[in-house]
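# Structural features, examined
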Amino acid sequence: MAVTGRKLCNLTGVVDAISFDLSEILLETELGMLMIKGSDLHVKRLTLEKGEVDLEGRIDSLTYSDHTTLAAKGESLLGRLFK
């Protein structure tokens with residue numbers, strides 16, 4: 001992962017793009033779920049075959065959560081998304 005000036009972000013190891021809008025992007029990665037929060041966020045390039053994503057916009061936070069954390073709590077990903 002490379003973040004440049006809190007405006008550009010290049011990610012690798014992405015398995016799936018769960019959701020994205022102007023203020024939040026949720027990605028499934030090889031290491032767990034990654035939530036990116038900010039404003040005016042845009043997915044410039046998404047290549048799931050290579051596991052690569054390029055983002056732009058104001059990036060305020062990057063938060064990882066482990067796959068096992070959700071399973072241990074008995075929560076599904078969709079259940080967490082719609083809380």
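The rules behind the values
Residues numbered from 1 in each chain as written. Predicted model: local features only at pLDDT ≥ 70, side-chain atom pairs only at ≥ 80, totals over all residues. Heavy atoms only, no water. Helix = DSSP H or I, 4+ residues; strand = E, 2+ residues; numbered from the N terminus. Buried < 20%, exposed > 50% of the residue type's maximum accessible area, 1.4 Å probe, protein only. Contact = heavy atoms within 4.5 Å. Areas by Shrake-Rupley, 256 points an atom, 1.4 Å probe, with all protein chains shown as cover. Core = buried A, V, L, I, M, F, W, Y, C linked by side-chain atoms within 4.5 Å. pLDDT = per-residue confidence, 0-100. Salt bridge = Lys/Arg side-chain N within 4 Å of Asp/Glu carboxyl O.

## Digging into the overall build of the protein chain
Across its full length, the protein chain carries 2 helices and 6 strands. The order of helices and strands in the protein chain, counted from the N terminus, is β-β-β-β-β-β-α-α. Put simply, the protein chain has 83 residues, and 28% of those count as buried. When contacts within the protein chain are restricted to residue pairs at least 6 apart in sequence, long-range pairs at least 24 apart make up 43% of them. When the accessible surface of the protein chain is split by element, carbon and sulfur atoms take 53% of a total near 5,300 Å².

## So, the nonpolar core
C9, L11, V14, A17, I25, L27, L34, I36, L41, V53, L55 and I59 form the largest nonpolar core, which has 12 residues in total. Among the secondary structure elements, those contributing two or more residues to this core are β2 (8-12), β3 (14-20), β4 (24-29), β5 (32-47) and β6 (52-65).

## Section: the confidence of the model for the protein chain
Model confidence for the protein chain is summarised by a mean pLDDT of 85, while 80% of its residues fall at 70 or above. Helix α1 (residues 67-72) is the least confidently modelled element of the protein chain, averaging 49 in pLDDT, while β2 averages 95, the highest of any element.

## Things to note about the environment of T63
Looking at where T63 falls in the secondary structure, it is placed in strand β6. A C-alpha to C-alpha distance of 5.1 Å links T63 and M35, two positions 28 residues apart in sequence. Those residues in contact with T63 that sit more than four places away from it in its chain are M33, L34 and M35.

## Here we look at unusual backbone geometry
Here the phi dihedral of R6 falls at roughly 55°; this positive angle occurs in a residue that is not glycine. Examined against the element boundaries, R6 turns out to sit in the loop between β1 (2-4) and β2. Positive phi outside glycine occurs at D40, with the angle close to 55°. Note on placement: D40 falls in strand β5. For D40, a relative accessible area of 48% corresponds to the partly exposed category.

## As for the pattern of salt bridges
Under the definition given, this model contains 5 salt bridges. In this structure, the salt-bridge partner of R45 is E52, at a minimum N-O distance of 2.9 Å. Taking relative accessible area as the criterion, E52 reaches 23% and is therefore assigned partly exposed. Its salt-bridge partner being D60, residue R58 comes within 2.9 Å of it at the nearest N-O pair. Under the relative-accessibility criterion, D60 is labelled partly exposed at 42%. What you see here is one network of salt bridges that share partners, running through R6, R58 and D60.

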